[in-house]
Amino acid sequence: MKRIVKVTKVMDKADGPLTLTATDKLNKIKEKTSGYDVLWGGGPRFEVVGPWEEHVVVDVVQRTCTCRRWELSGIPCKHAVAVNWNMALNAQQVDLPETWVHPTYWLTTWKDMYSFKVEPINGRAYWPKSGCPTTLVAPNHHKQIGRPKKKKERIPRFLGPFTILEKVGLQAYRLELPPEMDGIHPTFHVCYLRKCLDEEESVIPLSEIQVDTGNRCVEEPEAILGRKTKKLRHKEVAMVKVQWKHHRGANVTWEAEEDMKRRYSRLFT
């Protein structure tokens, strides 16, 4: 309401066909128009020659100028104003340069925008109800205090063994996969394969693996083997020694106790 009253007072001070801001810009453009010569070839286009051998073409029908200031701003450039004045001097039918301004800057357009008034009411409880849904749910995001946790690289794990059916190209093999792995493409690059040995500790039998709907291996901890406190610069973090179920070799890692309680609360009961 205050903005409407403020803008209405400003509109009452305007005495021309344009808004106050557009009038000031056009008056500054008119001051720069002197020194330009206009050449007319008999059509709607005029050639304007200015200082420093500046040549532009103004089209009074399309309301364009090759300097492109008229099209970009909606207000006639100095070349267009020079053409307007030249047409008036040569007794051609032409209106004032203000009529060449885009309707966005007209005072009548400005008044139409603020013609709708906001009536005072006795509080927010009396606002009209809208049928548009207004329930907004904030995103589930929580930024942890301190430095971000580093992703730990664990020892690679391998399923198998599987039979090689054929070699594909120079660096890939097609394997014979069981029915439980129908959703996985049977062709693998050599970087994902290891030769199966009897003493290989990183090979996990397929019967011990749980795969989720996204064909990702589900990791489960078995037990908590120990605890310690890790001292940082400004705080202390409680750590637990976790033994994982589907690891071979070094299957024990140190994890934050708070994170493990949140993900695997059954280990602490």
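Since this is a predicted model, take the numbers as computed values, not measurements. (Residues numbered from 1 in each chain as written. Predicted model: local features only at pLDDT ≥ 70, side-chain atom pairs only at ≥ 80, totals over all residues. Heavy atoms only, no water.)

### Considering the sheet that holds strand 1 (residues 37-40)
Part 1 of the argument: On the basis of which strands lie adjacent, the open sheet formed by four strands has the order 1-2-3-4 and antiparallel pairing. Two strands in the sheet have a free side with no partner beyond their single neighbour: strand 1 and strand 4 (64-65).
Part 2 of the argument: Where helix 4 (residues 78-89) meets the sheet, it contacts strand 1, strand 2 (45-50), strand 3 (54-59) and strand 4, and its direction lies at approximately 65° from that of strand 3. (Pairing = 2+ DSSP bridges. Helix = DSSP H or I, 4+ residues; strand = E, 2+ residues; numbered from the N terminus. Contact = heavy atoms within 4.5 Å. Axes fitted to C-alpha atoms, helices over the stretch in contact; angles between N-to-C directions.)

### Quick look at the UniProt feature "domain: SWIM-type" (unreviewed entry) in the chain
Part 1 of the argument: Under the UniProt annotation, "domain: SWIM-type" (unreviewed entry) lies at residues 56-88.
Part 2 of the argument: With 48% helix and 18% strand, the stretch residues 56-88 has end C-alpha atoms that lie 20 Å from each other. (UniProt positions renumbered as here; feature names shortened; annotations may be inferred.)

### Describing the sheet that holds strand 11 (residues 236-244)
Part 1 of the argument: Judged by pairing direction, the sheet is antiparallel, and its three strands sit side by side in the order 10-11-12 without closing on themselves. Either end of the sheet is taken by a strand with one partner, and the two such strands are strand 10 (221-231) and strand 12 (252-256). Neighbour-to-neighbour, the strand axes of the sheet open up by a mean angle of 30°, direction not taken into account.
Part 2 of the argument: Two elements, strand 11 and strand 12, share five bridges in a ladder whose sense is antiparallel. Across the sheet, residue Val-242 finds its bridge partner in strand 12, namely Thr-253.

### Let's talk about unusual backbone geometry
Part 1 of the argument: Phi angles above zero are rare outside glycine, and Glu-53 is one such case at about 55°.
Part 2 of the argument: Its location among the elements puts Glu-53 in the loop between strand 2 and strand 3.
Part 3 of the argument: Accessibility expressed as a relative area gives 71% for Glu-53, which makes it exposed. (Buried < 20%, exposed > 50% of the residue type's maximum accessible area, 1.4 Å probe, protein only.)

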